[in-house]
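If you want the building blocks of each chain, they are given just below.
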Amino acid sequence: MTARQQPKNLWISRWGFILAATGSAVGLGNIWKFPYITGEYGGGAFVLVYLACILAVGVPVMMAEIAFGRRGRGSPIEAIANLAREAGASPLWKVFGWMAMLAGFMILSFYVVVAGWSFSYLWKMASGSLSGHGVAELGGIFEAGNANPWALGGWATLVTVVTMLIVGRGVQEGVEKSVRWMMPGMVIMLLIMIGYALTSGNFSAGFHFLFDFDVSRLSSEGVLAALGHAFFTLSLASGAILTYGSYLPSGTSIARTTFTVAIADTLVALMAGLAIFPIIFANGMDPSSGPGLIFMSLPVAFNQMPFGQLFGVLFFAMLSIAALTSAISMIEATVAWLSENHNMSRTKASWLAGSVLWLVAMFAMLSFNLGADWTLAGKHFFDWLDYLTSRWMMPIGGIAMALLAGFVFKSSMLRDELDLSEGGYRIWLFMIRYVSPICIVAIFIDALGVAALSLEDWPYFLGAIVLACGAGETLSPRLRGPRVA
Ligand code: PHE
């Protein structure tokens, strides 16, 4: 397909794209992880840094990915190859499309296991099997669920099948139609939960925990955690946003849609915090109890509240929906690639991708039970999937996207696609060329444990950006892009 052709798969409306991209961004990361790490790294100060990271790295890279998708019109591999061709650059750049697609696939193969926890708790909550238990018993129930490969595997299988059923129905009929009711439904459930937290939970403790500006609790690790989370939460460098962008009709403003998605993603994370922490505090629980937090302790709270079972069902329904709308975006790149390049129907492509995914996911699931002893360098397969994607593939992919957008592809192509005002375009170009890659390199260095940046290192960090700007702008005329007439 040539780069400027309109593909047959387009969102029915601009809102279709916004809802789908927001659905991808809002996931287990927002509802569980964001509130938890916010508390860990200093509340309000962390939130501010996180917002800055969303603006400095997340928004520019997301705009670039959507522009790649829409200009290149295809799966990440196709889109990057098309753009490289258009720019006269090496088609080998498409290796980063491969990496993004693979990252999405690998994330999904452990994400379905975690989403399976959520589905199983929705069921347990609805059937009443969690009622009447205390903290210790609930911890035992969580562990017993993980120790049973049939139960854990069964729930992960259900998540995989539901995901593939939605994806198999196509972009408009499957993805867009389901996010149209799932996303507003999720927001309504969150609002109900906040209403409950406001009236029955310890809202003020929850609010202070999330928003008190305590800079002394903000470490360099917190700054980097905020940056890393901004990346993961916006579903960047995993093929999801790029592929969704390839279905965006021309004429829709990429900047406006990106801001809408980033703001919605951030608001949902903040709302989730406001819904969860007041409940945790009202019941005297520890907000930093790790991955099992919502599964082991929230049901205790639900058991104690009036209409707790109903709120419990609402909460886990919301979490399951959030996980599902993210899951469908993680496999979209693979399905798009299979159906575009291998002449396969969408249904067939979904079932093929889903079957391979299921096998990998089952292997990941065994890390919790039968394969508890199967480790390599101290990590289970489940941990390896997480480690490889979040520590290596996403940061490398992120830098690649920024460098492709900033230096390799012709400025005129992306300027045309982004359709920003002159000032807006210059700000974006500066961010994508210098600020975003340097921030990502900093996360990467920290993640590898090579060095930990401290707050005193910030002048050096800013100096590095200035040096990189100078080097980038003077060394190669190609990097400069055409001057504006
Ligand atoms: N953004 C999702 C979340 O916060 C995770 C995700 C990563 C989704 C990569 C798609 C691609 O849970």
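Every value quoted in this text rests on a predicted model; they were computed, and no experiment measured them. (Residues numbered from 1 in each chain as written. Predicted model: local features only at pLDDT ≥ 70, side-chain atom pairs only at ≥ 80, totals over all residues. Heavy atoms only, no water.)

Student: Account for the overall build of the protein chain, naming residues and giving values.
Tutor: For the protein chain, the helix and strand inventory stands at 20 helices and 0 strands. Within the protein chain, the proportion of its 485 residues that are buried is 58%. Long-range contacts, defined as pairs at least 24 residues apart, comprise 81% of the intrachain contacts of the protein chain with a sequence gap of at least 6. Of the accessible surface of the protein chain, which amounts to about 18800 Å², a share of 69% is contributed by carbon and sulfur atoms. (Helix = DSSP H or I, 4+ residues; strand = E, 2+ residues; numbered from the N terminus. Buried < 20%, exposed > 50% of the residue type's maximum accessible area, 1.4 Å probe, protein only. Contact = heavy atoms within 4.5 Å. Areas by Shrake-Rupley, 256 points an atom, 1.4 Å probe, with all protein chains shown as cover.)

Student: Help me get a handle on the environment of methionine 393, residues and values and all.
Tutor: With respect to the helices, strands and loops of the structure, methionine 393 is situated in helix α16 (residues 381–408). Residue class for methionine 393 comes out buried when judged on its relative accessible area of 11%. Along the chain, methionine 393 and glycine 104 lie 289 residues apart, while their C-alpha atoms are 9.8 Å from each other.

Student: So what about the confidence of the model for the protein chain? Which residues, and what values?
Tutor: Low pLDDT means the predicted atomic positions in that stretch should not be read closely. Summarising the model, the protein chain shows a mean pLDDT of 83, and 89% of its residues fall at 70 or more. Of the regions scoring below 50 in pLDDT, residues 1–5 engages in 11 contacts with residues more than four places distant in sequence or in other chains. Ignoring residues within four places in sequence, the model shows residues 479–485, a span with pLDDT below 50, making 14 contacts including any to other chains. (pLDDT = per-residue confidence, 0-100.)

Student: Please give an account of the nonpolar core that cites residues and values.
Tutor: By size, the foremost hydrophobic cluster in this structure holds 167 residues, and its most contacted members are Trp11, Phe68, Phe302, Phe315, Ile331, Phe409 and Trp428. Per-element tally for this core: the top contributor is helix α14 (residues 308–341), with 20 residues. (Core = buried A, V, L, I, M, F, W, Y, C linked by side-chain atoms within 4.5 Å.)

Student: Tell me about empty space enclosed by the protein, residues and numbers included.
Tutor: Taken as a whole and assessed by the stated rule, the structure comprises 1 cavity of 30 Å³ or more. If you add up the space inside the largest cavity, you get close to 120 Å³. Forming the walls of the largest cavity are 14 residues, and the residues nearest its centre are Ser24, Tyr111, Phe232, Ser235 and Met330. For the lining of the largest cavity, the secondary structure elements donating two or more residues are α1 (14–25), α2 (28–40), α5 (95–127), α10 (220–233) and α14. Among the residues forming the lining of the largest cavity, the class breakdown is 6 nonpolar, 8 polar and no charged. (1 Å grid on protein atoms, 1.4 Å probe; cavity = no way out; pocket = protein on both sides within 12 Å on 5 of 7 lines; lining within 4 Å. Points joined across faces, edges and corners; volume = space filled by probe spheres on them. Nonpolar A, V, L, I, M, F, W, Y, C, P; charged D, E, K, R; others polar.)

Student: Tell me about the site of the ligand, residues and numbers included.
Tutor: Near the ligand there are 15 residues, and of these Ala25, Gly29, Tyr111, Phe232 and Ser238 occur at the shortest range. Taking alanine 25, its main chain carries an N or O atom lying 2.9 Å from a nitrogen atom of the ligand. For the ligand, the protein covers 100% of the area, taking 330 Å² as the surface of the free molecule. With respect to the detected pockets, the ligand is housed in the largest cavity. Those elements giving two or more residues to the shell around the ligand turn out to be α1, α2, α5, α10 and α14. Residues of the shell around the ligand, tallied by class, amount to 6 nonpolar, 9 polar and no charged. (Near = heavy atom within 4 Å. Polar contact = N/O pair within 3.5 Å; in protein donor to acceptor, adjacent residues only side chain to side chain. Sits in = over half its atoms within 2 Å of the grid points.)

Student: Run through the pattern of salt bridges, naming residues and quoting values.
Tutor: One pass over the structure, following the stated rule, counts 7 salt bridges. One salt bridge connects arginine 71 with aspartate 416, and the closest N-O pair in it is separated by 2.9 Å. One end of the pair, arginine 71, is in helix α3 (residues 44–72); the other, aspartate 416, is in helix α17 (residues 411–418), with 345 residues separating them in the sequence. Here aspartate 416 falls in the partly exposed class, since its relative accessible area comes to 49%. Where glutamate 422 meets arginine 426, a salt bridge forms, and the shortest distance between an N and an O atom there is 3.2 Å. Placement of the pair is glutamate 422 and arginine 426 together in helix α18 (residues 422–447), with a separation of 4 residues, close to one helical turn. Residues participating in the shared-partner salt-bridge network are Arg70, Arg71, Glu86, Asp416 and Glu417. (Salt bridge = Lys/Arg side-chain N within 4 Å of Asp/Glu carboxyl O.)

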